[in-house]
Amino acid sequence: MAEGTYRDGIRVMLPLIPAIVAFGASFGVLATAAGVDALAAVVMSATTFAGSAQFAVVSVLGAGGTAAAAIGAAVLLNARYAPMALAASGAFRGGPLRRLLEAQLLVDESWALSNREGGFDRKVLIGAGAVLYLAWNAGTVLGVLAGDSLADPATLGLDAAFPALFLALLAPLLRRGSVTVAAAVLGALIALALTPVTPAGVPVIAATAACLVGLAS
Amino acid sequence: MSAVWLCVLAVGLATVALKAGGPVLASGRELPRDAARVVDLLAPALLAALVATQAFASDEKLVLDERAAGLAAAAAAILLRAPLLVVVLAAAASAAGLRALT
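If you're wondering where the values come from, they're calculated on a predicted model, not measured in any experiment.

> I'm lost on the overall build of chain A in this one. Help?
Along chain A, the regular secondary structure elements total 13 helices and two strands. Along the first, second and third principal axes, the C-alpha set of chain A runs to 50 × 40 × 40 Å. A total of 217 residues make up chain A; the buried ones form 54% of that total. Within chain A, counting contacts between residues at least 6 apart in sequence, those at least 24 apart form 69% of the total.

Pasting the structure below:
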């Protein structure tokens with residue numbers, strides 16, 4: 001496949017903007033409801049930029065948990081970024097600082113959308129990640145300002161948009177061959193099996209063990 | 001420092017490090033062949049795990065709810081070679097429709 005452009009990254013991300021803004025807004029609403037001050041919520045979206053970990057922090061703190069418990073849950077949830085960033089590391093260019101900064105635009109969606117035949121596309125990742133960053137932060141500001149007058153994203157079915165997106169991005173990879181299919185099936189099974197018995201975040205990290213089937217081929 | 005700001009700082013720094021680790025440390029190095037084959041399979045394994053947990057996990061429980069119907073609609077759209085926007089809309093509309101009915 002031809003090398004992508006920043007514009008490609010922006011274009012592929014556009015269909016997801018309503019869902020991202022809505023979830024950013026629901027983070028803002030939940031954070032204020034949990035007693036997190038508005039500025040902290042906005043700063044967190046700008047610096048952590050990872051939905052599930054941010055939701056975990058406000059829900060642990062909102063339920064009266066300690067900072068240590070909130071940080072532990074969030075770091076566990078974000079631990080998946082280590083293998084995801086490693087998989088995409090060949091796409092990054094330049095010195096350590098540039099790599100460090102560009103890698104911050106890696107989130108589930110930009111990572112998945114930039115996964116092309118034969119590797120990850122840096123420009124698509126950055127274009128998609130930048131759009132997502134703007135949408136997520138705009139949503140958070142909207143949420144802390146509007147409070148709970150906003151609609152719940154689940155009513156609009158937006159929570160179903162994300163698994164659909166990941167399935168759509170997984171589908172073309174499955175044509176690569178039986179080893180890839182085996183890794184995907186095993187990954188899903190590991191994640192489902194561990195969901196009831198481990199803290200959130202662990203199932204997805206443990207699923208990376210499925211890629212060891214590559215050694216058997 | 002309040003608990004909230006401590007969380008903002010610690011989680012922010014940890015996330016920066018988790019995201020940057022691979023790209024900074026693996027800079028300019030070719031992975032050995034076996035390692036490359038394993039890293040290639042990270043994408044399908046992680047994507048499948050994200051599909052599974054985002055469709056069927058709720059906190060630490062497995063659930064079958066409207067998201068599953070959305071995922072089924074998405075699968076049908078993918079099989080019909082629909083564009084990404086249609087796949088995502090089919091999932092959201094199915095889940096929303098089912099929630100409105102029940």
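After that view, the rundown keeps rolling.
> Explanation requested: the overall build of chain B in the structure shown.
From N to C terminus, chain B includes five helices and two strands. Along chain B, helices and strands appear, N-terminal first, in the series α-α-α-β-β-α-α. The C-alpha radius of gyration of chain B comes to 19 Å, more than 25% above the 13 Å expected for a compact globule of 102 residues. In chain B, buried positions account for 47% of the 102 residues. Considering only residue pairs separated by 6 or more positions, chain B has 30% of its internal contacts joining residues 24 or more positions apart.

> Even after reading the chapter, I still don't get the interface of chain B and chain A, so can you show me in this structure?
The accessible area lost on association of the parts is a frequent measure of interface size. Chain B puts 65 residues into the contact, and the matching count from chain A is 82 residues. When contributions to the side of chain B that touches chain A are tallied by element, the ones reaching two or more residues are α1 (3-25), α2 (33-40), α3 (42-56), β2 (61-62), α4 (66-79) and α5 (84-101) of chain B. Ranked by the residues each element gives to the side of chain B that touches chain A, the list is headed by α1(B), at 19 residues. For the side of chain B that touches chain A, the class distribution of residues is 46 nonpolar, nine polar and ten charged.

> Please clarify how the environment of A:W111 should be interpreted in this entry.
Residue and element names in this part refer to chain A. Checked against the element boundaries, W111 lands in helix α8 (residues 108-113). Counting along the chain gives 14 residues from W111 to L125, while the straight-line C-alpha distance between them is 6.2 Å. Among residues more than four places away in sequence, those in contact with W111 are M84, A88, L106 and L125.

> Help me understand the nonpolar core, please; the structure alone is not making it clear to me.
Within soluble globular proteins, side chains that are nonpolar tend to cluster in buried spots. One finds A:A161, A:A164, B:A45, B:L47, B:A49, B:A74 and B:A91 to be the most contacted residues of the largest nonpolar core, which totals 113 residues. The element contributing the most residues to this core is α3(B), with twelve residues. Composition of this core by domain shows at least three residues from each of domain 1 (1-28) and domain 2 (29-101) of chain B.

> Looking at this structure, how should I read the packing of α4(B) against α5(B)?
Residues and elements named next belong to chain B. Following both chains from N to C, one finds α4 and α5 inclined at 145°, their axes separated by 7 Å at the closest point. The handedness of the crossing between α4 and α5 comes out as right-handed. Contact with α4, carried on its side by E66, R67, A69, G70, L71, A73, A74, A77 and I78, involves V86, V87, A90, A91, A92, S94, A95, L98 and R99 of α5 and no other residues of that element. Residues belonging to the contact of α4 with α5 are distributed by class as follows: 13 nonpolar, two polar and three charged.

> What should I look at first to understand the domain arrangement of chain B in this one?
Here chain B is described as being made up of domain 1 (1-28) and domain 2 (29-101). Put simply, the middle of domain 1 of chain B and the middle of domain 2 of chain B, counted by C-alpha atoms, are 27 Å apart.

> Explanation requested: helix α4 (residues 51-62) of chain A in the structure shown.
Along an α-helix, residues three or four positions apart point the same way, because every turn accommodates 3.6 residues. Across its twelve residues, α4(A) extends 16 Å between first and last C-alpha, which sits within 8% of the 16 Å expected from 1.5 Å per residue. Turning to α4(A), its buried residues are A:G51, A:A53, A:Q54, A:A56, A:V57, A:V58, A:V60 and A:L61. In this structure, the buried side of α4(A) is in contact with α2 (17-33), α3 (38-47) and α5 (67-78) of chain A together with α1 of chain B. Phi for A:G64, located one or two positions after α4(A), is positive at around 90°.

> It is not clear to me how the environment of A:T208 should be interpreted in this structure. Could you clarify?
Residue and element names in this part refer to chain A. Residue placement: T208 occurs in the loop between α12 (202-207) and α13 (213-216). For T208, a count of 26 C-beta atoms within 10 Å puts it in the buried group. Along the chain, T208 and P83 lie 125 residues apart, while their C-alpha atoms are 7.6 Å from each other.

> Where do I start with the packing of α4(A) against α1(B) in this structure?
Two packed helices can be described by the angle between their axes and the distance between those axes. Two elements in contact, α4(A) and α1(B), have axes whose closest approach is 11 Å; the angle formed by their N-to-C orientations is 155°. In terms of their interaxial angle, α4(A) and α1(B) are classed as roughly antiparallel. The element α4(A) and its partner α1(B) pack so that their crossing is right-handed. Across the interface between the two elements, A:A53, A:V57 and A:L61 of α4(A) pack against B:A3, B:V4, B:C7, B:V11 and B:T15 of α1(B). Residue classes in the contact of α4(A) with α1(B) are distributed as seven nonpolar, one polar and no charged.

> What is the right way to look at the environment of B:L71 in this model?
Relative to the helices and strands, B:L71 resides in helix α4. Residue class for B:L71 comes out buried when judged on the 23 C-beta atoms lying within 10 Å of it. Taking the C-alpha atoms as reference points, B:L71 and B:A48, separated by 23 residues in sequence, lie 12 Å from one another. Ignoring sequence-local partners within four residues, the contact set of B:L71 consists of A:A160, A:P163, A:A164, A:L167, B:A55 and B:A91.

> Honestly, the confidence of the model for chain B in this entry has me stumped. Any pointers?
Low-pLDDT stretches of the model should not have their predicted coordinates read in fine detail. All names here are of chain B. Averaged over all residues, the pLDDT of chain B equals 89, while 97% of them reach at least 70. Within chain B, α4 carries the highest mean pLDDT (96), whereas α2 carries the lowest (78). Of the two predicted TM-score estimates for the complex, the pTM is 0.82 and the ipTM is 0.89.

Reading the values: rules and limits
Residues numbered from 1 in each chain as written. Chains lettered and ligands numbered in written order. Predicted model: local features only at pLDDT ≥ 70, side-chain atom pairs only at ≥ 80, totals over all residues. Helix = DSSP H or I, 4+ residues; strand = E, 2+ residues; numbered from the N terminus. Buried ≥ 20, exposed ≤ 12 C-beta atoms within 10 Å, placed from the backbone. Contact = placed C-beta atoms within 7 Å. Rg over C-alpha atoms; globule rule 2.2 N^0.38 Å. Nonpolar A, V, L, I, M, F, W, Y, C, P; charged D, E, K, R; others polar. Core = buried A, V, L, I, M, F, W, Y, C linked by C-beta atoms within 7 Å. Domains from an automatic or database assignment. Axes fitted to C-alpha atoms, helices over the stretch in contact; angles between N-to-C directions. Left-handed = near helix turned anticlockwise from the far one by under 90°. Expected span 1.5 Å × (residues − 1). Parallel < 35°, antiparallel > 145°, perpendicular 65-115°, else oblique. pLDDT = per-residue confidence, 0-100.

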